[in-house]
Each structure stands twice: as structure tokens, then as C-alpha cells.
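Structural overview for review
Spelled out from the first residue to the last, the chains are:
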Number of protein chains: 2
Amino acid sequence: MKKLINDPAAVVQEALRGMAAAHPELRIDHENRIVFRGDAPVRGKVGLVSGGGSGHEPMHGGFVGPGMLDAACAGEVFTSPVPDQMLAATRGVDGGAGVLHIVKNYTGDVMNFEMAAELSEGIEVETVVVDDDVAVQDSLYTAGRRGVGTTVLLEKIVGAAAEQGRPLSEVAALARKVDQRGRSMGMALTSCTVPAAGHPTFDLPETEMEIGIGIHGEPGRRRVPLAPAREIAEMLVEPVLSDLDFTADPVICFVNGMGATPLLELYLMYGEVAALLEKAGVRVARSLVGPYITSLDMAGCSVTLLSADDDLLSLWDAPVTTPGLRWGA
Amino acid sequence: MKKLINDPAAVVQEALRGMAAAHPELRIDHENRIVFRGDAPVRGKVGLVSGGGSGHEPMHGGFVGPGMLDAACAGEVFTSPVPDQMLAATRGVDGGAGVLHIVKNYTGDVMNFEMAAELSEGIEVETVVVDDDVAVQDSLYTAGRRGVGTTVLLEKIVGAAAEQGRPLSEVAALARKVDQRGRSMGMALTSCTVPAAGHPTFDLPETEMEIGIGIHGEPGRRRVPLAPAREIAEMLVEPVLSDLDFTADPVICFVNGMGATPLLELYLMYGEVAALLEKAGVRVARSLVGPYITSLDMAGCSVTLLSADDDLLSLWDAPVTTPGLRWGA
């Protein structure tokens, strides 16, 4: 296993230490492994809490800051944080206007956030479960669809709405709307290697790739021979477009890198995806290209489309200041 | 070879097509493979032109935009652009205040930019050659030191100065000052694979890493057994600190990913680097962590320190709007 780490058991804790050093504008609770906005709780603002297993960076800790999340809980690699972390995060961001939990649909995360919400006495908590992956209906870790790329777009958009001072009920409704309007599909050229395991999660021969992969190396729809980027783009875009009509409103088109795929290839993929969307009559209003929801050192990519009305686009464009996404402020 | 590409010979051209689709605010000259600011040439502003072999994305095309470069020429993978491209870029960004060529110190790039400068009749051209890599004195592609991580910081800082309307002589002097105050050292866990070659550039056994690697897979200082991140950080920071006194002014500390190293590991490395700097009495004023000057799908990282006075820090903080770096506007 070739990784820039010290002790496989200390990866998350040490990465958080590095994050604290690099980003003094954030406040990191090392005991509870929570990344907080430096000024949390913000009085009168709905607090946004997310979190999940580590290994998907910059998600979620890298999306904490003005205009996006108020706190993110870091679990062990590919393992849900525990309810105590989520409870501490919820208390730490409660500015009197309630708290929204943004949860990717994995059984452990959903269960633990639910427990944390129940324990958050005296704080109004709403929950949105993101389940945008069209690849599989159930999976190794999920009942229903997995939560993947739409989570990034949702955290940005809902973060802007909370920053504007919208009330909890509106912010939660907006989050559910974004989830309903977003769809994703991913693929892997290689497996990832979990540090504590020390070997690749699955075997993928040199001549094959996995279509419909999840962000933890869990199986996808099918294993097929390597193909040109143009065909891969079709295998990702077609199921997304079949699942939802994306011609009514313009879309935010997000081509995501899984962690080990260079930007050169992601831009090439974006070109293929854009050409397919044009052919399908889908108008792209905004784009995002890069590694934003990763799977450790997996090579591969995912495509997310979000059907975005004027409100969503203007929230997308609003200022954001986080380590992972930053503009307009 | 597992890559998201179509034809190995068309990678650069197709990636530029994707970049054009994703970034309508840029203007891409596909024939000459030049990424321009959408509003170039900017009247009265010094034009900044850089470029080099592809495979280092987001550098340089991803650093084109207000507050940074006016144009970037894309060569084939790991191959210098040709003088005609540089000449077209120089003409395209000349707003009457002259043009600065920012050149990484590789023999082909230096020679070709020199020729382009000579051909740019009627346009005042200055050149800065970046040579910040402390690893080796000469290399496979270089007489003198290679140009690596400092290039990213230089393009940002000098870009801000040009945006302020500083004259060419000042902008060029500033660029040389940044080069003189920046030092880098890199390492690789794995080789990269050039698409046209189809196999890894070099063999690196599963138990070894290369210290002092260049950004094209050219050999470094030495090959050593795998070591913990803490020791790797020492192997990178020590030669940088030995080469220049970084205790006088605060530094911008840049931990760069080589393309296939996930952010989780880069933050962990940043923590180790920050601890070493603190011990050495070096004060960190700003940080940058991520894949900004990459080497295709190489796993590894580099550390760049820039000794930054107040002017450099305030130029670093100035607004920038490019695909690769964006803040404050």
C-alpha cells in the first residue's frame, strides 16, 4: 500500500490536524472530530450539519464555511460518524433557528443522524436524506438509492439559503427539492485501498472497469471491458437522463473525479458529457469539474445533473468561502 | 493503461474542448491550443502569458482569468508548446502595456519562448524563468534547476500586480523576486503514464518511493524505501530550508498533489510540514493544499515555500477568478 500516511489507524485524526493548520478560519474539535465554521453558532441562522465516513474529501469538512455548512462530522474511513459527534455538532451550530441534518443515504449514517436528532432536546432539527445515485436501487450499505454527487451541489445551494436567513422549514424543503432534482451515476477504472485494510477493496482486471460504482468501492451495475471516454460518458449520462426529465430547466452539470483521476481526463470527460447533453436538448447553465466527492485513491469519475430553476441558480452563484468551494466573497 | 480518454493522440485537443464547454468565460483558440481570458487583450494592462507541456492541470490553462494569466499555451503532454503558439498568445494579450512570459525552466520551453519573444515585433516582452526545484541542479530536461510549484504562486501574485495596472518593468521585477524567494521539493509514490506511451514512465517497486522527483517523472535525488508521512515531510522540508532562510518573512506554504494523491493524504502531509516549520521557527501566513501542478496520474506530493513580504501577501489575497484558483471576486 503506497500512501502518504503514518499509522493507518490515525489517518483521519492526523488529516484533521493538517486541516486545522491549513485553515485557521475553521475551528476543529479534535476530540469529537468535527469541523466547525470559526464563528459557529451564527445567531438566528439555520445551522447546517453534515458528515459521513472519511475518504471522500473535500466532502464534507472541506465544505464548511460561510455560505455552506456550519459543521461536518468525520467518521473513520468509509464508516459513519457516531451519534455523539452529530449531537455535539448540532449543539455547536444551533443559533436559535434550528438545525438541518444533511445525510447521504447509507444505513449507518441515516440511523446515527436519526438518533442524534432524537437526542437534540430543545433544538428543532430537520433532516434531508440525499439519494441521487441512479446506478442501483439497494446496495451493500443502503436501502434505496445511495447519496453521491448531488450532496455537493445541495450543500452549496442550501448553504446559501441558510446564509440569507431563510427559516428552517424553507431550508429543509429546499434541500428536499434539490435532492429530488439531482441524479448521479459513477464509474471506476481502479479500486480504492482503505488504509486500515492495506489492500484494494476489490479486484478490477487491467482490461475492465466498473459502471455504476458507489463511493466506497461497493459494486455497481456491471463490469465491462475498458472503453473510450465517449462511450463511458454515454454509459453514465444515459441512465441519468432516463431517470428524470432534464429538458424543462437548465442544469448544473458536475463531472466529479474519484480521487486519482487527473483534471486533464475530467475535462475531456466533461467535453463528452456536454456533447451528449446538447444532443439530448439539455441546456447547461453552470458546470463544476474536479474531485469534490472522492473515494480515496480510486480512479474514475461520476456525472451529476441537477435541474436548476432560477432560485437554485442564484443560490449556486451566491458567495461561498470554504476550503473546497470558494467564490464571490 | 486505464484512462478516461478516447485517442491517446487527441487527449490535449479533446481536454481543451471540454474546458471550453465548462468555462464559457474563457476563449479557447483550438487551432493554436491557447486558453485566453474572455476579455483579452485588456487595454493598458500588462499581458501575462505562460504555457508548457500538458499533463500538469490545472496549470497553466486553469490559471487563466482576471487576477492571474491572460493566456496559456498548451503543448502536447510533457512537451513544450511551439513558438508559433506563444507568438499568437503574445499578440492576443497585448493591450499596449507589454507582455510578460512566465516560463518554467525546461530547455524546450525556454528556447521556444525566447524565439517567440524575438518574433514579437512591436510588442515589448519581458521573460521570467522559474527555477525553484531544490532537488537537482541539472536534469533530463533542464540546465539548472527545474521550475515547479513556485510557478503557481508566482502566476497568482504577478497576476494580481498586473491587474492593479503596474507597468511591465515592475511586474517583471516582481516575478523575478517571487522566483528568488520560492523553493520546492517533490516526491513520488508511483510513476505517471503518458497516454501516447501507454505504460508507466519508470518502474518504482511497491516498496520504494522517489525523493526529489520532477513533474515529468524525471529522476529525483534518490530512491528510498517507503516511509511514514512524517519522514517524507522531513525529506522534503529539510532541503528547502537548507537552501534559503525562511525565518525572516512569513511564508506561503503550498502542499501540492501530483495528480493521483487524495486530499485526505495531502492534508495529513500539510500537518507534518506545518509541524516541521514551527519547529524551525518559520511562520506560515497563508496555505494552499491541493493538486495544482500535477504530473498526470502520478501519486505523490511536493512542498513549496515562498518567503512573502507584505506586498506579496496582499497580492496573494487579491481577487482571482480562474477555473483553478478563485476567491474574493
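Residues numbered from 1 in each chain as written. Chains lettered and ligands numbered in written order. Predicted model: local features only at pLDDT ≥ 70, side-chain atom pairs only at ≥ 80, totals over all residues. Heavy atoms only, no water.

The UniProt record annotates "domain: DhaK" (unreviewed entry) at residues 7-327 of chain A. Helix makes up 32% of residues 7-327 of chain A and strand makes up 24%, while its end C-alpha atoms are separated by 35 Å. (UniProt positions renumbered as here; feature names shortened; annotations may be inferred. Helix = DSSP H or I, 4+ residues; strand = E, 2+ residues; numbered from the N terminus.)

Of the two same-sequence chains, chain A is brought onto chain B (RMSD 0.0 Å, axial shift 0.0 Å) by a rotation of 180 degrees. On the angle and the small slide along the axis, the relation comes out as a two-fold axis. The C-alpha atom lying nearest the rotation axis in chain A is that of Ala260 of chain A; the distance is 1.9 Å. Interface overlap between copies: 100% of the residues of chain A at the interface are likewise at the interface in chain B, consistent with a symmetric, same-surface contact. (Least-squares fit on C-alpha atoms with pLDDT ≥ 70 in both. Contact = heavy atoms within 4.5 Å.)

Attention now goes to the sheet that holds strand E9 (residues 222-225) of chain A. Residue and element names in this part refer to chain A. Taken in spatial order, the six strands of this open sheet run E9-E8-E7-E12-E10-E11, and their pairing is mixed. Each edge of the open sheet carries a strand with a single partner, namely E9 and strand E11 (284-290). Between one strand and the next, the sheet's axes are offset by a mean angle of 20 degrees, whatever the strand orientation. Pairing of strand E7 (residues 182-188) with strand E12 (residues 300-307) involves seven bridges; the strand directions are antiparallel. Opposite Arg183, over in E12, you have Leu305 as the bridge partner. (Pairing = 2+ DSSP bridges. Axes fitted to C-alpha atoms, helices over the stretch in contact; angles between N-to-C directions.)

Residue and element names in this part refer to chain A. Here chain A is partitioned into domain 1 (17-180) and domain 2 (182-316). On a C-alpha basis, the centres of domain 1 and domain 2 stand 22 Å from each other. Each partner contributes to the roughly 2900 Å² buried at the junction of domain 1 and domain 2, and carbon and sulfur atoms together form 64% of this total. Across the domain 1-domain 2 interface, the total number found is four salt bridges. In this structure, the salt-bridge partner of Arg166 is Asp311, at a minimum N-O distance of 2.8 Å. Seen at the junction of domain 1 and domain 2, the total is 20 residue pairs in polar contact (both at pLDDT 80 or more). Mapped by element, the contributors of at least two residues to the side of domain 1 that touches domain 2 are helix H4 (150-163) and helix H5 (168-181). No other element matches H4, which puts seven residues into the side of domain 1 that touches domain 2. Its residues placed into classes, the side of domain 1 that touches domain 2 shows 19 nonpolar, seven polar and 10 charged. (Domains from an automatic or database assignment. Buried area = accessible area lost by both parts, 1.4 Å probe. Salt bridge = Lys/Arg side-chain N within 4 Å of Asp/Glu carboxyl O. Polar contact = N/O pair within 3.5 Å; in protein donor to acceptor, adjacent residues only side chain to side chain. Nonpolar A, V, L, I, M, F, W, Y, C, P; charged D, E, K, R; others polar.)

All right, on to the layout of surface pockets then. One number sums up the size of the second largest pocket: a volume of about 1100 Å³. What lines the second largest pocket is a set of 39 residues, and nearest its centre among them are Thr190 and Asp297 of chain A together with Thr190, Ser191 and Asp297 of chain B. Considered class by class, the residues forming the lining of the second largest pocket number 17 nonpolar, 11 polar and 11 charged. (1 Å grid on protein atoms, 1.4 Å probe; cavity = no way out; pocket = protein on both sides within 12 Å on 5 of 7 lines; lining within 4 Å. Points joined across faces, edges and corners; volume = space filled by probe spheres on them.)

Residue and element names in this part refer to chain B. In this structure, Pro319 sits in the loop between helix H8 (310-317) and strand E13 (320-321). Taking the C-alpha atoms as reference, Pro319 lies 9.9 Å from Gly159; in sequence the two are 160 residues apart. Excluding anything up to four places from it in sequence, Pro319 contacts Pro66, Gly67, Lys156, Trp327, Gly328 and Ala329.

A few words now on the packing of aromatic side chains. In the structure shown here, the tally under the stated rule is four aromatic pairs over all chains. Sitting above the plane of the Phe36 of chain A ring, Arg27 of chain A keeps its charged end 4.6 Å from the centroid. (Phe/Tyr/Trp six-rings, centres within 6.5 Å; stacked < 30°, edge-to-face > 60°. Lys NZ or Arg CZ within 6 Å of the ring centre and 35° of its normal.)

This next bit is on the pattern of salt bridges. Once the charged atoms of two side chains with opposite charge are near each other, the side chains can pair. Residues and elements named next belong to chain B. Applying the stated criterion across every chain, the model contains 36 salt bridges over all chains. For Glu76, the salt bridge identified is with Arg33, shortest N-O distance 2.5 Å. Taken as a pair, Glu76 in strand E4 (residues 71-77) and Arg33 in the loop between strand E1 (26-29) and strand E2 (34-37) lie far apart in primary sequence, 43 residues in all. For Glu76, a relative accessible area of 34% puts it in the partly exposed group. Where Asp70 meets Lys45, a salt bridge forms, and the shortest distance between an N and an O atom there is 2.8 Å. One end of the pair, Asp70, is in the loop between strand E3 (47-54) and E4; the other, Lys45, is in the loop between E2 and E3, and 25 residues separate them in sequence. Looking at Asp70, the relative accessible area reads 0%, which means it is buried. (Buried < 20%, exposed > 50% of the residue type's maximum accessible area, 1.4 Å probe, protein only.)

Following Glu57 of chain A, the chain continues into Pro58 of chain A via a peptide bond in cis, with omega recorded as 10 degrees. With respect to the element layout, Pro58 of chain A can be found in the loop between strand E3 (47-54) and strand E4 (71-77). The phi dihedral of Leu296 of chain B is positive, around 50 degrees, even though this residue is not glycine. Tracing the chain through its elements places Leu296 of chain B in the loop between strand E11 (284-290) and strand E12 (300-307). A residue is classified by how much of its surface remains accessible, and Leu296 of chain B, at 3% relative accessible area, is buried.

The next point concerns the packing of helix H1 (residues 11-22) of chain A against helix H7 (residues 263-279) of chain B. It is at 7 Å that the axes of H1 of chain A and H7 of chain B come closest, and there the two elements cross at 65 degrees. Considering how the two elements wind past one another, H1 of chain A and H7 of chain B form a crossing that is left-handed. Along its contact with H1 of chain A, which presents Val11, Glu14, Ala15, Gly18, Met19, Ala21 and Ala22 of chain A, the element H7 of chain B presents Leu264, Tyr267, Leu268, Tyr270, Gly271, Glu272 and Ala274 of chain B. Residue composition of the contact of H1 of chain A with H7 of chain B, by class: 10 nonpolar, two polar and two charged. (Left-handed = near helix turned anticlockwise from the far one by under 90°.)

Another aspect to go through is the side chain of Lys2 of chain A. Along the chain, the position of Lys2 of chain A falls in the segment before H1. At 5.2 Å, Glu206 of chain B is the nearest oppositely charged side chain to Lys2 of chain A, a buried residue that forms no salt bridge. One polar contact links the side chain of Lys2 of chain A to the main-chain carbonyl oxygen of Pro205 of chain B, over a distance of 2.8 Å. Within the structure, Lys2 of chain A has its side chain in polar contact with the backbone oxygen of Glu208 of chain B (distance 2.8 Å). (Lys, Arg positive; Asp, Glu negative; His and termini not counted.)

Now for the interface of chain A and chain B. Every contact between the two is made by 56 residues of chain A and, on the other side, 56 residues of chain B. When residues of chain A are sorted by the area they lose upon contact with chain B, Lys2, Leu4 and Leu264 of chain A head the list and together hold 21% of the total. Measuring nitrogen to oxygen at the nearest pair gives 3.9 Å for the salt bridge that ties Lys3 of chain B to Glu265 of chain A. Elements with a contribution of two residues or more to the side of chain A that touches chain B: H1, helix H6 (229-243), helix H7 (263-279), E11, E12 and strand E14 (326-327) of chain A. Looking at the side of chain A that touches chain B element by element, the count peaks at 10 residues for H7 of chain A.

As a further point, take the nonpolar core. Formed by 212 residues in total, the largest nonpolar core has its most connected members in Leu100 of chain A together with Leu100 of chain B. Residue contacts for Leu100 of chain B: discarding those within four places in its chain leaves Val46, Gly47, Leu48, Val49, Glu126, Thr127, Val128, Val158, Leu168, Val171, Ala172 and Ala175 of chain B. (Core = buried A, V, L, I, M, F, W, Y, C linked by side-chain atoms within 4.5 Å.)

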